Amino acid sequence: FPVVNTISAPPPDPEPTAPPPAPEPKPEPAAAAPPPEPAPEPAPEPAPEPAKEEPAPEPAKEEPAPPPEPESVQEETKPKKYGLRRFAVIFEVAGGLDKGVDGFRKDTLPIVDALRARGWNAEVVFYSDAKRAAIHKYVVEVADAFIHRVSPSNLEEQSEYFDMLRDLAANGMVALPHPDAIALYGARDALSKLKETKYGLSDTESYYTVEEFKASFPKTLALNQRVLKQNRGTTGDGVWRVQVESEFAGDSVPMDAIVKCTEAKDNHVERLKLGEFMGFCERYIEGPRGLLVDQRFLPRVKEGEVRVLMVNRTPVSVVHKQPQGADAFSATLFSGA
């Protein structure tokens, strides 16, 4: 507008009569100065309208999001309630005679691979009492099932571990097997509890105190060769075949008699006085869940053992394991069977 005023100022007409109305319409042509308006004209151009059309790609973004991710990835990243995450934890403990050179039990990693092949995720968790709370919290957050692969003999304190398993099972997690079932069939004194049935031997004894052991074992040993089994052992650890090599009289083997002792773990042989050997075995009775099972030696063990592996009522595998060597009586794979 100031430009319009400067343009209208120079043209003064000499005629006074026409000045007021006529010269002012000339500024109107200056109003034609809207030629600068072409600059705003690009604004009304349909440029912004295509920008509004951009929401069209949004539905395209919605389409790829749901379908492409595989179910396993979605379930791992989006935890749900038990039974929907398809995630299993396999419990082990570090160390022990039941481990291979890779630090795992022989069948642990094949279990992991088999679960993954069926659309599950699986992870091996090494339990320790010191990390019990953190392990419990982690398993609750990620898993909906656990598989027990811990040998009780590798635990310093079994109650802490089994209490954790019971708590997980009580809160809806699938337990394979349930800790109460482990306690029932995992204890070796089941052999003496079955001694009056057709599945047991009538002269089988369990010793829960050192006094019981000292009073009874020399007498049972006088009858025949015996096998002593500790409650906490695995793969033949703490399982001894005992034979008397000295001459003796009476219904009890004297403490200074020489006995031949063969351990099932590796079939190695030691010859000791009976009193020395019994003193060594007291360690198996001391401590939580400590006991010794005293059982008659069965010579046909040399023929080996047959194990039928079942899934519910279906047999899925038959294994025949046979001891190797003159003094060998162990059918564990770790002893060379």
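See above for the structure.
Residues numbered from 1 in each chain as written. Predicted model: local features only at pLDDT ≥ 70, side-chain atom pairs only at ≥ 80, totals over all residues. Heavy atoms only, no water.

A.B. asks: For the sheet that holds strand β1 (residues 87-92), give the residues involved together with the corresponding values.
C.D. replies: The four strands lie next to each other as β2-β1-β3-β4, forming an open sheet whose pairing is parallel. Of all strands in the sheet, those bounded by a partner on one side alone are β2 (121-126) and β4 (174-176). Neighbouring strand axes in the sheet, compared pairwise and without regard to direction, differ in orientation by 20° on average. Of the strand pairs in this sheet, β1 and strand β3 (residues 145-148) are connected by four bridges, and their pairing is parallel. (Pairing = 2+ DSSP bridges. Helix = DSSP H or I, 4+ residues; strand = E, 2+ residues; numbered from the N terminus. Axes fitted to C-alpha atoms, helices over the stretch in contact; angles between N-to-C directions.)

A.B. asks: For the pattern of salt bridges, give the residues involved together with the corresponding values.
C.D. replies: Counting across every chain of the model gives 15 salt bridges. For Arg 166, the salt bridge goes to Asp 180, with nearest N and O atoms at 2.7 Å. In this pair, Arg 166 is assigned in helix α8 (residues 158-170) and Asp 180 in helix α9 (residues 179-186), connecting sequence segments 14 residues apart. Classification of Asp 180 as partly exposed rests on a relative accessible area of 38%. Between Arg 296 and Asp 203 there is a salt bridge whose closest N-O contact spans 3.2 Å. (Salt bridge = Lys/Arg side-chain N within 4 Å of Asp/Glu carboxyl O. Buried < 20%, exposed > 50% of the residue type's maximum accessible area, 1.4 Å probe, protein only.)

A.B. asks: Got a sec to walk through the environment of Asp 237? Specific residues and values, please.
C.D. replies: Inspection of the secondary structure assignment puts Asp 237 in the loop between β6 (226-230) and β7 (239-244). Since its relative accessible area comes to 22%, Asp 237 is described here as partly exposed. Residues Asp 237 and Glu 263, 26 residues apart in the sequence, show an inter-C-alpha distance of 7.2 Å. Sequence-distant contacts of Asp 237, that is, excluding residues within four places in its chain, are made with Leu 97, Gln 230, Glu 263 and Lys 265. (Contact = heavy atoms within 4.5 Å.)

A.B. asks: So what's going on with the pairing of β6? Which residues, and what values?
C.D. replies: In terms of residue burial, β6 counts as a mostly covered element, since five of its five residues are buried. What you see with β6 is no split at all: Arg 226, Leu 228 and Gln 230 on one side and Val 227 and Lys 229 on the other are buried throughout. In this sheet, strand β10 (residues 292-296) lies alongside β6 in antiparallel orientation, the contact comprising five bridges. In the strand pairing of β10, Leu 228 is matched with Asp 294.

A.B. asks: Before we move on, could you go through the packing of helix α7 (residues 132-142) against α8 and cite the residues and values that matter?
C.D. replies: Between two packed helices, the angle of one axis relative to the other and the distance separating the axes together describe the packing. Running from N to C, α7 and α8 point in directions that differ by 20°, and their axes come no closer than 11 Å. With respect to their mutual orientation, α7 and α8 come out roughly parallel. In this structure, α7 meets α8 at a crossing whose hand is right-handed. The segment α7 lies against α8, with Arg 132, Ile 135, His 136, Val 139 and Val 140 engaging Glu 160, Asp 163, Met 164, Asp 167 and Leu 168. The class makeup of the residues in the contact of α7 with α8 is five nonpolar, one polar and four charged. (Parallel < 35°, antiparallel > 145°, perpendicular 65-115°, else oblique. Left-handed = near helix turned anticlockwise from the far one by under 90°. Nonpolar A, V, L, I, M, F, W, Y, C, P; charged D, E, K, R; others polar.)

A.B. asks: Outline the nonpolar core, supporting the account with residue identities and numerical values.
C.D. replies: Among the nonpolar cores identified, the biggest contains 21 residues, and Phe 91, Val 139, Tyr 161 and Met 164 are the most heavily contacted of them. Contributing elements (two or more residues each) for this core: β1, α7 and α8. When near neighbours in sequence (up to four residues on either side) are disregarded, Tyr 161 contacts Phe 91, Tyr 127, His 148, Val 150 and Leu 155. Counting residues in each nonpolar core, the second largest holds 19 residues, with Val 210, Phe 213, Leu 274 and Leu 292 among its members. (Core = buried A, V, L, I, M, F, W, Y, C linked by side-chain atoms within 4.5 Å.)

A.B. asks: Run through the sheet that holds β10, naming residues and quoting values.
C.D. replies: Strands sit in the order β5-β10-β6-β7-β8-β9 across an open sheet of six strands; the sheet is antiparallel. In this open sheet, the two edge strands, each paired with only one partner strand, are β5 (205-207) and β9 (269-273). Direction aside, neighbouring strands of the sheet carry axes that sit 25° apart on average. On the sheet, helix α11 (residues 210-223) packs against β5, β6, β7, β8 (258-263) and β10 and is oriented at approximately 150° with respect to β5. The strands touched by helix α12 (residues 274-281) are β6, β7, β8, β9 and β10; relative to β9, the strand with the most contacts, the crossing angle is about 110°.

A.B. asks: So what's going on with α12? Which residues, and what values?
C.D. replies: Along α12, the residues that are buried comprise Leu 274, Phe 277, Met 278 and Cys 281. Buried positions in α12, seen along its axis, are confined to an arc of 95° and lie on one side of it. Where α12 is buried, its residues touch α11, β6, β7, β8, β9 and β10. (Arc of directions from axis to C-beta.)

A.B. asks: Which residues make up the pairing of β3, and what are the values?
C.D. replies: Judged by which residues are buried, β3 turns out to be covered on both faces: Ala 145 and Ile 147 on one side and Phe 146 and His 148 on the other are all buried. Alignment of β3 against β4, held across three bridges, turns out to be parallel. Its bridge partner lying in β4, Phe 146 is registered against Ala 175.

A.B. asks: So what about the side chain of Gln 243? Which residues, and what values?
C.D. replies: For Gln 243, the position within the fold is in strand β7. In this structure Gln 243 comes out as buried when scored by relative accessible area, which is 17%.

A.B. asks: Hey, could you go over helix α6 (residues 108-117) for me, with residue numbers and the actual values?
C.D. replies: Since one α-helical turn is 3.6 residues long, residues separated by three or four positions face the same way. Where α6 is concerned, the buried positions are Thr 108, Val 112 and Leu 115. Buried residues of α6 fall within an arc of 65° about the axis and therefore sit on the same side. Of the surrounding elements, those touching the buried residues of α6 are β1, β2 and β3. Gly 119, located one to two residues past α6, shows a positive phi value of around 90°.

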